[in-house]
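Residue strings, one per chain:
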Amino acid sequence: MRTILLHLLPASLYAGLGVFFWRTCMARGSALQPRRECMSTRERLLLLGAIVAHGAALHLAIFPGSEMRFGFGVAISLMVWLAVCFYWVETLYTRLDGLHAAVMPAGAIGSLVPLLFPGDHVLANATSPAFRAHFVVAMLAYSLFTLAALHAMLMAVAGRQLHNARFSRLLSGLPPLLTMEALLFRLISIAFVLLTLTLASGVLFSESLFGQAFRVDHKTIFAFVSWFLFGGLLVGRHLWGWRGRLALRWTLAGFVALMLAYLGSRFVIEVVLHRT
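This structure is a prediction, so every number in the text was calculated from the model and none was measured.

Caption draft 1: View of the packing of helix 6 (residues 177-204) against helix 8 (residues 218-240). Two elements in contact, helix 6 and helix 8, have axes separated by 10 Å at closest approach and are oriented at 140 degrees. Put simply, helix 6 runs oblique to helix 8. Crossing geometry of helix 6 relative to helix 8 is assigned as left-handed. Of the residues in helix 8, those in contact with Glu 181, Phe 185, Ile 188, Ser 189, Phe 192, Leu 195, Thr 196, Leu 199 and Val 203 of helix 6 are Ala 223, Phe 224, Ser 226, Trp 227, Phe 230, Gly 231, Leu 233, Leu 234 and Arg 237. In terms of residue class, the contact of helix 6 with helix 8 is made up of twelve nonpolar, four polar and two charged.

Caption draft 2: Layout of the environment of Leu 116. Tracing the sequence through the fold places Leu 116 in helix 4 (residues 100-116). Take Leu 116: its relative accessible area is 64%, and that puts it in the exposed class. Considered as a pair, Leu 116 and Val 74 are 42 residues apart in the sequence and their alpha carbons are 10.0 Å apart.

Caption draft 3: Molecular detail of the packing of aromatic side chains. Counted according to the given criterion, the structure contains five aromatic pairs. For the pair Phe 145 and Phe 230, a centre-to-centre distance of 4.0 Å together with 20 degrees between the ring planes defines the contact as stacked. You can see Phe 145 sitting in helix 5 (residues 129-163) and its partner Phe 230 sitting in helix 8, a full 85 residues away along the chain. With respect to burial, Phe 145 and Phe 230 carry one shared label: buried. When the ring of Trp 242 is compared with that of Trp 250, the centres are 5.1 Å apart and the planes differ by 50 degrees; the resulting orientation is tilted. Here Trp 250 falls in the partly exposed class, since its relative accessible area comes to 26%. Every member of this aromatic cluster is reached through a ring pair, and the members are Phe 192, Trp 227 and Phe 228. Sitting over the face of the ring of Phe 185, Arg 237 holds its NZ or CZ atom 4.1 Å from the ring centroid.

Caption draft 4: Quick look at the pattern of salt bridges. Tallied over the full model, the rule gives three salt bridges. Where Glu 90 meets Arg 186, a salt bridge forms, and the shortest distance between an N and an O atom there is 2.5 Å. Here Glu 90 is found in helix 3 (residues 72-91), whereas its partner Arg 186 is found in helix 6, with 96 residues between them in sequence. Residue class for Arg 186 comes out partly exposed when judged on its relative accessible area of 36%. One salt bridge connects Glu 181 with Arg 237, and the closest N-O pair in it is separated by 3.2 Å. Remark: Arg 237 occurs in helix 8 and Glu 181 occurs in helix 6; sequence separation between them is 56 residues. Using a relative accessible area of 6% as the deciding quantity, one classes Glu 181 as buried. Connected through salt bridges with shared partners, the residues Glu 181, Arg 237 and Arg 243 form a single ionic network.

Caption draft 5: Structural context of helix 8. Over its 23 residues, helix 8 extends 32 Å from the first C-alpha to the last, a length consistent with the 33 Å expected when each residue adds 1.5 Å. For helix 8, every residue scored as buried is listed here: Thr 220, Ala 223, Ser 226, Phe 230, Gly 231, Leu 233, Leu 234 and Gly 236. Remark: Gly 241 follows helix 8 within two positions and exhibits a positive phi of approximately 65 degrees.

Parameters and conventions
Residues numbered from 1 in each chain as written. Predicted model: local features only at pLDDT ≥ 70, side-chain atom pairs only at ≥ 80, totals over all residues. Heavy atoms only, no water. Axes fitted to C-alpha atoms, helices over the stretch in contact; angles between N-to-C directions. Helix = DSSP H or I, 4+ residues; strand = E, 2+ residues; numbered from the N terminus. Parallel < 35°, antiparallel > 145°, perpendicular 65-115°, else oblique. Left-handed = near helix turned anticlockwise from the far one by under 90°. Contact = heavy atoms within 4.5 Å. Nonpolar A, V, L, I, M, F, W, Y, C, P; charged D, E, K, R; others polar. Buried < 20%, exposed > 50% of the residue type's maximum accessible area, 1.4 Å probe, protein only. Phe/Tyr/Trp six-rings, centres within 6.5 Å; stacked < 30°, edge-to-face > 60°. Lys NZ or Arg CZ within 6 Å of the ring centre and 35° of its normal. Salt bridge = Lys/Arg side-chain N within 4 Å of Asp/Glu carboxyl O. Expected span 1.5 Å × (residues − 1).

Written as structure tokens, this is what we have:
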């Protein structure tokens with residue numbers, strides 16, 4: 001019961017903030033509603049409270065005792081949590097009106113996923129400092145790419161509505177597309193560096209990290225496919241100024257490959273085959 005409440009608390013806070021942001025920020029197209037900063041200090045503190053509660057629920061799920069457990073549901077939740085953490089920090093420096101109502105539902109769903117797919121996979125070598133460093137860097141990379149993919153999808157919807165001259169009130173509070181594009185490539189650049197460190201450490205120190213020599217399997221192949229896609233996107237951006245739909249397609253393709261690298265296999269093992 002305590003575990004369920006720990007997951008329901010952040011989900012409720014995320015959901016409540018999402019509804020509030022939608023009503024105050026997305027629906028401000030009315031002339032009777034004055035324009036204001038979309039996230040006040042009090043609202044930012046409430047979001048921080050949701051992040052802390054979400055983190056506490058994850059800590060209990062990953063470290064129920066002396067072991068370290070990590071399954072499909074926890075992986076999704078952890079990536080979303082890290083993405084929301086990065087987003088919260090970004091709001092301190094950049095005005096991101098309109099993105100709040102997109103991030104809050106993701107946080108609410110991410111908080112509840114471990115309840116639906118708890119998973120009992122015990123990680124080997126979890127006490128190794130090298131493994132924990134590898135794990136943290138990998139999760140940071142996954143979370144930033146998750147946020148980048150959500151960001152890219154929102155940009156695609158906003159760009160299509162702008163092209164058709166039918167910009168909905170829901171998206172009217174979004175930052176300019178150029179600002180969103182700059183944030184997207186900042187996310188991808190940081191995540192690409194982290195993914196490079198993850199793959200390099202996995203290849204060079206596979207035996208000490210995982211207790212076995214490096215081997216090529218579907219997870220490795222999809223991870224490197226994702227690395228080449230995101231690397232190609234950054235090169236294309238630097239040399240030829242790639243942007244718009246082309247950049248969004250490369251972003252989503254790289255994200256799908258990255259999700260197939262780990263989450264796809266864990267989903268099949270835990271959800272489809274009901275094994276750990």
